[in-house]
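Coordinate analysis (summary)
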Amino acid sequence: MKKISVLITALFFGLLSVGVHAHAGGAAADGLMSGFLHPLLGFDHLVAMIAVGIWGAFLGPRAIWMLPIAFPLVMVLGGILGMAGVPLPAVETGIAASALVIGALIALAVRPPLWLALLIVAVFAVFHGHAHGTELPAATDALGYSIGFVLATGLLHLCGIAFALVDRLPHGKLAIRLAGSAIGLAGLGFLSGTL
Amino acid sequence: VRRSSLASLCLLPATAQAHSPIQGIGEFYNGLLHPLLVPAQLLMLLALGLLLGQGGLRGRQLGLPLFVLGLCIGLAWDSLDPRLLETALLLCAALTSLLVLGALRLPLLAAMLAAGAGVLLGLDSSGESAGLQARLATTLGILLGASLALLLLSDLADRLQLPWQKIGARILGSWICASALLVLALGLLQPAAGSASATLMPETASRPAAAEMLPRPVP
């Protein structure tokens, strides 16, 4: 547990160093920063990514790594649709619904089979990927942008997984379900336009 | 070694974005840092390091020398179309990271990918320089920088033996694959956007040939 915390902390601070040099870099640095900040500054993206991490950890040892691996790969599919200009109906609604649905699943402690969990996450990953993909061509440096937003997405998953480690504490399960409720409520807020 | 490897990895994101030419550090050090300053090359090195590390000692014994050999061949040739080379590097990174993702131990395929990656990286780094001495220093720097980076990364990946560490390597593989595939798709689907991107990030800014990073000689 201690080693995992050290690794996550090192990774986090390692990525923080990106910000230190942001003003010295060229277009690629701008692309990296804008891609990295995109999931962090979009509250709906941020909440949904953390929810995926928490749910993966909550579902057990296989889901804890399969969901974070599957998500970015399926997100690429959505990204390609976005770049190709293929219209996807209600993208923002889908992103908001991802927080609501996954939050509710955590809050209700629903444990579907792994394939179904993967399918649910994959469907939402397409919406998130589409939103990122639509913005990618406008980025000053496409590769920097892609690396940035994939990294940020993955780190948010890790944050969710790290939070879900409280499961081992006395009231950990309750804390996770409360977090799921908060995420679900946030999703409801996104859907209704309150947030 | 573990701590230094981890610290080096933490520093990679910072170095990866310093695409402005580094003035005043000389040809050799510019060459040394070059593989870490070009995102496509860095992605390739990360993916290959993970793959060779996953293959264990045998994978590294076979892959590392072939990578260095390929790098020498690539550096000896004249540079090709930079956009074509970047596409090839990203394709190679995507394929390599898919093998990392699947945790497939295929030493021969890994060695072939290492040799190919070396050639591509060498081609992508070669360029015109002011003189023979400057070109030699730059080439030596690139050769050393890329080889050491791969050695360090593959060593670190080889040490990831605990289950969660192996999973971490596969997750990293999925991130590399996703990043590379997105940019490849962008190039295929929107060549106009790709050329716009090329305009916005001119060659000297986004993918600096090591020689272009050198300070101009003062007459």
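Counting its secondary structure elements, chain B contains ten helices and zero strands. Counted from the first residue to the last, chain B has its helices and strands arranged as α-α-α-α-α-α-α-α-α-α. Split into buried and exposed, the 219 residues of chain B put 50% on the buried side. When the accessible surface of chain B is summed, it comes to about 9700 Å², and 71% of that surface belongs to carbon and sulfur atoms.

With that out of the way, let us pick up the confidence of the model for chain B. Residues and elements named next belong to chain B. For chain B, per-residue confidence averages 78 on the pLDDT scale, and 75% of positions sit at 70 or higher. Ranking the helices and strands of chain B by mean pLDDT puts helix α3 (residues 39-54) first, with 92, and helix α10 (residues 203-206) last, with 40. Scored below 50 in pLDDT, residues 194-219 makes 52 contacts in the model with residues more than four places away or belonging to other chains. Predicted complex metrics record ipTM = 0.77 and pTM = 0.76.

This paragraph deals with the environment of A:Ala96. Residue and element names in this part refer to chain A. In this structure, Ala96 sits in helix α5 (residues 91-107). Note: C-alpha distance between Ala96 and Met83 (13 residues apart in sequence) is 21 Å. Other than its neighbours up to four places away in sequence, Ala96 contacts Gly187, Phe190 and Leu191.

Below, the discussion takes up the packing of α3(B) against helix α8 (residues 163-189) of chain B. Residues and elements named next belong to chain B. Two elements in contact, α3 and α8, have axes separated by 10 Å at closest approach and are oriented at 150 degrees. For the element pair α3 and α8, the recorded crossing hand is left-handed. Judged by residue contacts, Leu43, Leu46, Ala47, Leu50 and Gln54 of α3 engage Ala169, Arg170, Leu172, Gly173, Ile176 and Ser179 from α8. Class assignment for the residues of the contact of α3 with α8 results in seven nonpolar, three polar and one charged.

Once that is clear, we can look at the environment of B:Leu156. Take B:Leu156: it is sitting in helix α7 (residues 132-158). When the C-alpha positions of B:Leu156 and B:Gln54 are compared, they lie 9.9 Å apart, and in sequence the two are 102 residues distant.

On to helix α8 (residues 172-192) of chain A, then. All names here are of chain A. For α8, with 21 residues, the first-to-last C-alpha span of 30 Å sits near the 30 Å given by 1.5 Å per residue. Buried within α8 are the following residues: Gly172, Ile176, Ala179, Gly180, Ile183, Gly184, Ala186, Gly187, Gly189 and Phe190. Looking one or two places after α8, you find Gly193, whose phi comes out positive at around 90 degrees.

All right, on to the side chain of B:Ser97 then. Tracing the chain through its elements places B:Ser97 in helix α5 (residues 82-101). Residues contacting B:Ser97, with those up to four places away along its chain left out, are B:Ala47, B:Gly173, B:Ile176 and B:Cys177.

Right, let's talk about the pattern of salt bridges for a bit. Enumeration according to the criterion identifies four salt bridges over all chains in this entry. We note a salt bridge from A:Asp167 to A:Lys173, for which the minimum N-O separation is 3.2 Å. Accessibility expressed as a relative area gives 49% for A:Lys173, which makes it partly exposed. The partner of B:Arg60 in a salt bridge is B:Asp155, with the nearest N and O atoms 3.7 Å apart. Of this pair, B:Arg60 sits in helix α4 (residues 56-76) while B:Asp155 is found in helix α7, placing the two residues 95 residues apart along the sequence. Assigned by exposure class, B:Arg60 and B:Asp155 land together as buried. A single salt-bridge network, built from bridges that share partners, covers B:Arg60, B:Asp155, B:Asp158 and B:Arg159.

Bringing empty space enclosed by the protein into the picture now. Residues and elements named next belong to chain B. Scanning all chains against the criterion turns up three cavities of 30 Å³ or more. Taken as a whole, the second largest cavity spans an internal volume of roughly 60 Å³. In terms of lining, the second largest cavity is formed by Leu51, Gln54, Gly55, Leu99, Leu104, Arg105, Leu106, Pro107 and Ala110. Residue assignment for the lining of the second largest cavity shows that the elements contributing at least two residues are α3 and α6 (107-125).

Time to look at the nonpolar core. With 103 residues, the main nonpolar core has A:Trp55, B:Leu48, B:Phe67 and B:Leu90 as its most contacted residues. With 13 residues, helix α7 (residues 142-164) of chain A is the single largest residue contributor to this core. Excluding its chain neighbours within four sequence positions, the residues that come into contact with B:Leu90 are A:Leu143, B:Ala40, B:Leu43, B:Ala180, B:Val183 and B:Leu184.

This part covers unusual backbone geometry. Residue and element names in this part refer to chain A. Here Ala90, not a glycine, exhibits a phi torsion of approximately 50 degrees, which is positive. Summarising the element assignment, Ala90 is placed in the loop between α4 (63-83) and α5. For Ala90, a relative accessible area of 45% translates into the label partly exposed. Within the chain, Ala109 stands out as a residue other than glycine whose phi angle is a positive 55 degrees. As for its position among the elements, Ala109 is in the loop between α5 and α6 (114-135). What makes Ala109 partly exposed here is its relative accessible area of 28%.

Turning to the confidence of the model for chain A, a few remarks are in order. Atomic detail in the predicted coordinates should be set aside for any region of low pLDDT. Residue and element names in this part refer to chain A. Residue-level pLDDT values for chain A average 84, and 84% of them are 70 or greater. Predicted confidence in chain A is weakest over helix α1 (residues 2-20), with a mean pLDDT of 49, and strongest over α5, with 94. Residue range residues 15-25 is modelled with pLDDT below 50. Its contacts to residues more than four positions away, or to other chains, number 21 contacts.

Turning our eyes to something else, we now look at the packing of aromatic side chains. Under the defined criterion, the tally for this structure stands at three aromatic pairs over all chains. Relative to A:Phe190, the ring of A:Phe43 has its centre 5.7 Å away and its plane inclined at 85 degrees; by these criteria the two rings are edge-to-face. You can see A:Phe43 sitting in helix α3 (residues 43-59) and its partner A:Phe190 sitting in helix α8, a full 147 residues away along the chain. Taking the centre distance of 5.3 Å and the plane angle of 80 degrees together, the rings of B:Phe28 and B:Tyr29 count as edge-to-face. The cationic tip of A:Arg111 hangs over the ring face of A:Phe58; the distance from NZ or CZ to the ring centre is 4.3 Å.

Quick notes on the rules
- Sequence order sets the numbering: in each chain, residues are counted from 1 along the sequence as written.
- Note on labels: chains are lettered from A, ligands numbered from 1, in written order.
- Only residues with pLDDT of at least 70 get local features here, since the model is predicted, and only at 80 or more are side-chain atom pairs given and counted; chain-wide, interface and lining totals rely on the full set of residues.
- To get the side-chain values, all heavy atoms of the structure are used, and hydrogens and water are removed first.
- Counting from the N terminus, the helices are DSSP H or I runs at least four residues long and the strands are E runs at least two residues long.
- Only protein chains enter the accessibility calculation, which uses a 1.4 Å probe; a residue is then buried when its area is under 20% of its type maximum, exposed when over 50%, and partly exposed in between.
- Residue-level accessible areas treat just the shown protein chains as cover; the underlying method is Shrake-Rupley with a 1.4 Å probe.
- Note: pLDDT gives the predictor's confidence per residue, expressed from 0 to 100.
- Only heavy atoms matter for contacts: two residues are in contact if any of them lie within 4.5 Å across the pair.
- Here the axes come from fitting lines to C-alpha atoms, over the contacting stretch only for helices, and the angles between their N-to-C directions go from 0 to 180 degrees.
- Each crossing gets its hand from how the near helix is turned against the far one by less than a right angle, where anticlockwise is left-handed and clockwise is right-handed.
- Here the term charged refers only to Asp, Glu, Lys and Arg, the term nonpolar to Ala, Val, Leu, Ile, Met, Phe, Trp, Tyr, Cys and Pro, and the term polar to all other amino acids, Gly among them.
- A helix is expected to span 1.5 Å for every residue after the first.
- Throughout this description, the term salt bridge denotes a Lys or Arg side-chain nitrogen within 4 Å of a carboxyl oxygen of Asp or Glu.
- Using a grid of 1 Å spacing that covers the protein atoms alone, one calls a set of points a cavity when a 1.4 Å probe fits there but cannot get out, and a pocket when the set is open and has protein on both sides within 12 Å along at least five of seven lines; lining residues are those with an atom within 4 Å of a point.
- Grid points are joined across faces, edges and corners, and a volume is the space filled by probe spheres set on the points.
- As used in this record, nonpolar core signifies buried Ala, Val, Leu, Ile, Met, Phe, Trp, Tyr and Cys residues forming a set joined through side-chain atoms within 4.5 Å.
- Pairing of aromatic rings covers Phe, Tyr and Trp, the last through its six-membered ring, and needs centres within 6.5 Å; plane angles under 30 degrees mean stacked, over 60 mean edge-to-face, and all others mean tilted.
- The rule is short: NZ of Lys or CZ of Arg within 6 Å of the ring centre and within 35 degrees of the ring normal puts a charge over the ring.

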